[in-house]
Amino acid sequence: MDARDAMAAARRITALTGAGVSTDSGIPDFRGPQGVWTALGREFTLDGYLTDPGVRRAAWQARLDHPMWTAEPNAAHRALAALERAGRVRALLTQNVDRLHQRAGSVAVVELHGSLSGTVCVDCGATGAMSAALDRVRAGEADPGCPACGGVLRSTAVAFGQPLDADVLRAARTAALDCDLVLVAGTSLLVEPAAGLVGLAARAGARVVICNDEPTPCDHLATAVVREPVGESLPALVAVPVVESGPLRTWGDPATW
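Residues numbered from 1 in each chain as written. Predicted model: local features only at pLDDT ≥ 70, side-chain atom pairs only at ≥ 80, totals over all residues. Heavy atoms only, no water.

Caption draft 1: Molecular detail of unusual backbone geometry. In the segment running from glutamate 192 into proline 193, the intervening peptide bond is cis, with an omega of 5°. Note that proline 193 resides in the loop between strand E7 (181–185) and helix H9 (196–203). Of note, arginine 99 is a non-glycine position whose phi angle comes to about 60°, a positive value. Mapped onto the secondary structure, arginine 99 falls in the loop between strand E2 (89–94) and helix H6 (100–104). With a relative accessible area of 36%, arginine 99 lands in the partly exposed category. Of note in this structure, leucine 189 is not a glycine but carries a positive phi near 55°. Looking at where leucine 189 falls in the secondary structure, it is placed in the loop between E7 and H9. (Helix = DSSP H or I, 4+ residues; strand = E, 2+ residues; numbered from the N terminus. Buried < 20%, exposed > 50% of the residue type's maximum accessible area, 1.4 Å probe, protein only.)

Structure, rendered in structure tokens:
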């Protein structure tokens, strides 16, 4: 079975996306040659951020100039949004923190690694808009503190060394179990626990279609692998007409086991 046949038969799809979906929008991979991780160095971990004001100042400057503030959704984002509007998307699990899926019109988005669009105080838990904090940086504050208590502000994106939110991970695992196809796009599947969702879905009986430029550790689980750019492959796959297939089989919500 090729990718088109698998998509034609799929009625309840869980998508899993990574940085490769947003590169056509001008957003580099976090770890790539132009990524924030490379720019700040390996000391940019959660512990380093919390304990080293120099790391925080560099992080605020990196956020200030991040290309996501001017980026627009591309063909891959729009294709997945169209698939959801057609009633075929169970959930869209993304490792991206740029919210371009939502701007393209996707609603059933689970942000595995959070978002750069918000801030949270590590001391009192107060939340706010990243735009407000960045306005303070532009006004001259190198390391803006929490407006409520003066504590350390960080983005609501998951940092290196920080576990995923338990409720978010539970929702992602439920979506992986409750689908008939997992559509993987633009991710190397090297980061856990996101990568483990593919194996979880495959063990539950879902087909797996992987669209990525490079090989992944999960290619052996795939019904089909597509090596074309996701900006081309996703619109083409979404356009495949749906055909009648057998009964939908998933393990469903683990809470009912």
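Having seen the structure, we can now continue with the description.
Caption draft 2: Quick look at the sheet that holds strand E3 (residues 109–111). Strands sit in the order E3-E2-E1-E7-E8-E9 across an open sheet of 6 strands; the sheet is parallel. A single partner strand is all that each edge strand has here, and the edge strands are E3 and strand E9 (224–226). Averaged over neighbouring strand pairs, the angle between their axes works out to 15° when direction is ignored. Bridging between strand E8 (residues 207–211) and E9 involves 3 bridges; their strand directions are parallel. Paired with cysteine 211 across the bridge in E9 is valine 226. Seen against the sheet, helix H5 (residues 75–85) touches strand E1 (13–17), E2 and E7 and runs at an angle of roughly 150° to E2. (Pairing = 2+ DSSP bridges. Axes fitted to C-alpha atoms, helices over the stretch in contact; angles between N-to-C directions. Contact = heavy atoms within 4.5 Å.)

Bear in mind that shape data such as this cannot, by itself, settle questions of function.
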